Amino acid sequence: MSTARPLPHDSARAHVTGAARYIDDIPVPAGCLHLAFGLSEIAAGEITGMELDAVRAAPGVVAVLTAADLPAHNDVSPTPTFHEEMLSSGEIHYLGQPLFLVVATSHLAARKAARLGKITCRERKPVLTIDEALSADWHFEEGPRVYARGDPDAAIAAAPRLVEGSIEIGGQEHFYLESQAALALPQDDGGMLVHSSSQHPSEIQHKVAEALGLPMHGVRVEVRRMGGGFGGKESQGNALACACAVAAQATGRPCKMRYDRDDDMVITGKRHDFRIDYRAGVDDEGQILGVDFVQYCRCGWSQDLSLPVADRAMLHADNAYFLPAVRITSHRLRTNTQSATAFRGFGGPQGMLGIERVLDHIAHAVEREPLEVRRRNFYAEADGGDAGGGPSAPRAPEASPPEDMSRQKRSLTPYHMEVEDFILGGMVARLAESSDYAARRAAVAAWNAENPILKKGIALTPVKFGISFTLTHLNQAGALVHVYSDGSIHLNHGGTEMGQGLFQKVAQVAAQSFGVAPERVKITATDTGKVPNTSATAASSGADLNGMAVKVACDEIRGRIAGVVAGLRQQDPAAVHFEDGMVRIGSTAISFEEAAMETYQARVSLSATGFYSTPKVSWDRIAGIGRPFFYFAYGAAVTEVVIDTLTGENRILRTDILHDAGRSLNPALDIGQIEGGYVQGAGWLTTEELVWNDAGRLMTHAPSTYKIPACSDRPRIFNVALWDGQNREETIYRSKAVGEPPLMLGISAFLALSHAVASCGPGYPALDAPATPERILAAVQRVRA
């Protein structure tokens, strides 16, 4: 059995020894040139003059290019409905926007020269905040998008209680270890080979081809690995790849570009920051009867991927809860800041935090235990929803919904998709028991009653995350598999490796198909010349899509091998079995190597392509109706924290997680993703604060001012377990995606901090995110007032 084994990452040894090769490590031909952008120093205005003589005269400078020098398209947008210039042709939209391109003999020479440009501008007052964008009516699309079901206004008006409020949710810097980078090598046939640190090689191919005026077959893009991506390399690498390709075509020399950390943070997009206003009508037990959300999404200057991000925030405004009457209004607001982009969770975390805030506020208002209120509002448990938990697993307590709510109605999302696989009732019961949640909550209350300075908090929050691209046609993948005559296996697919272990998982899938050890399988760099028209490695779909495409190709080859070896022995091919490195035909067994050689000698192809498209998905994003997700991934986390009420300083003391990875392809990799996702999610909601000044300058543009979680910020006690079950849908070996869903487990840390603050006085904390020490201290003072 090759799948379901906890094998190490295929590049683990190379990572820790420094042998893993990234873009900046690739040996380049003699004469390679280096690039840097000259950046805007204002956030909004019009260029009236560019004096670049000093740039051209700087040591090492070979060329300086402006928008007028570009040979074809000056557009690096990932969406065809918005024109995003690589180099400004006149308008300035944010502070840090690339205005010109320096080509020099060294990285340092290019960076130094780029600082010498003198740009004169007609400056305008920038639009920076959500309120300013609303006042200016500066939207993407025609205005707000609305998804609704039922009559929330009537339900709220008739409800015994009204809970209303607002939460500000900050953005997040990706802070991948390898900054954005690209290398372009001109070919002797007029084509271009591009190495890019990108999650989306086919998009790099497409945009570079447009920039050079070539058909896509004239550009080949290769990606071996990235030093982290988290969504930040889905579209933001386009500008570097296009710049390198244009400069390489103009000079005839290889060209390389990488951002230094400060430049990367100033130029590139972040997670979208949100404000969510809410009104909820509830009964005296905390049951939601109607809810109205208004989501304000700050998108930055260009459209980028903001529309699907904002859509996904709307699609996760329910999280794990049945909302009988609901309206979700989404404003996609344009501002003179960096173009916000994809980030792990892709809007889902913001939408989820909104409803979790509502549930927390409801529990405070009706004076009920928050977990009790959450369970009361859960979707209906799927038939056999506790399956996989084992016969001794605790069952979910019975909720008490109104009698007229049928099971069918209690499984319908705001976007009219039936939730058929809901298992959080059983999962939460199991986690509450294994983490000793009830006793610990009582112990926290006792501690807080005796300690006036240090206050503790605890929270258990669930996660229900939809898996699939919401743009339906992206739910496809291809693969190319070769079996050589010595029995070794060569594999290529459309997914990219950014540290998450995708290559290892897919190798295990191939090994499982052939009944051999994973060490026999070699995966090479993702290459648009081998597998075309790939989707981005995003939406947690890498293993689902590419693993299935690889299995299709392997099954085709396996069938051919079986036909040959069975035919040589006058046996039925259906009687051939592949296992433990052997091919068994009745009572006869030969090695896989022998079977491969026999197939080769029989002149039967040992190469195949595989293709997979996700079934069942169909989505109308304008109407807000359909099935945007193939299935849901589930999880739950209990986090315990302590705060200092004199300073707002805080610590995570303990975290217990139970997460649903289906029938895990690789439990070790999945647990690593869960741990990392939780820490990244907790960092987003606690320590990671983005600050712009009134001129639109990002002030938190370096590790000295932007604080990602360090090793000492992880929970002192960190227990992670996988739910023992399998996917109800026919995914690759019944596994589930595990890239994005664990990030939302970090919401439990945020709400544990809220619980700690709530112990300081009768008021509701109304914490905003990130819950920095300053915000925690202000909330403590607020609840005491």
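Residues numbered from 1 in each chain as written. Predicted model: local features only at pLDDT ≥ 70, side-chain atom pairs only at ≥ 80, totals over all residues. Heavy atoms only, no water.

Let's talk about the pairing of strand β24 (residues 607-613)
- Residues A608, G610 and Y612 point to one face of β24 and are all buried, whereas S607, T609, F611 and S613, pointing to the other face, are not buried.
- Note that strand β17 (residues 476-483) and β24 share seven bridges and pair antiparallel. By the bridge assignment, L480 is partnered in β24 with T609. (Buried < 20%, exposed > 50% of the residue type's maximum accessible area, 1.4 Å probe, protein only. Helix = DSSP H or I, 4+ residues; strand = E, 2+ residues; numbered from the N terminus. Pairing = 2+ DSSP bridges.)

Here we look at the pairing of strand β28 (residues 650-659)
- Within β28, seven of the ten residues are buried, leaving the element largely enclosed by the surrounding structure.
- Bridge count for strand β27 (residues 631-644) against β28 is nine bridges, and the pairing is antiparallel. Note that in β28 the partner of E640 across the bridge is R654.
- In sequence, β27 turns back onto β28 through a hairpin of five residues, with G648 there showing a positive phi of about 85 degrees.
- As paired strands, β28 and strand β29 (residues 717-722) are joined by six bridges and run parallel to one another. Opposite R654, over in β29, you have I717 as the bridge partner.
- Crossover β28 to β29 through helix α17 (residues 667-686) is right-handed. (Right-handed = clockwise from strand over helix to strand, strands pointing away.)

Some remarks on the packing of aromatic side chains
- The full count for this structure, using the stated rule, is 19 aromatic pairs.
- Plain terms: the ring middles of Y94 and W301 are 6.0 Å apart, the flat faces sit at 20 degrees to each other, and that makes the pair stacked. On the criterion of sequence distance, the pair formed by Y94 in the loop between β4 (91-92) and β5 (98-104) and W301 in the loop between β14 (288-300) and α9 (306-315) is long-range, its members being 207 residues apart.
- Measuring from ring centre to ring centre gives 6.5 Å for F578 and F592, while their planes differ by 65 degrees; the resulting arrangement is edge-to-face. Placement of the pair is F578 in strand β21 (residues 576-579) and F592 in helix α16 (residues 592-601), with a sequence separation of 14 residues.
- Under the relative-accessibility criterion, F578 is labelled buried at 14%.
- Take F592: its relative accessible area is 0%, and that puts it in the buried class.
- Each member of the aromatic cluster is reached from another via a ring pair, and the members are Y147, Y321, F322, F378, Y379, Y415, F422, W619, F629, F632 and Y634.
- When the ring centre of F175 is taken as reference, the NZ or CZ atom of R261 above it lies at 4.6 Å. (Phe/Tyr/Trp six-rings, centres within 6.5 Å; stacked < 30°, edge-to-face > 60°. Lys NZ or Arg CZ within 6 Å of the ring centre and 35° of its normal.)

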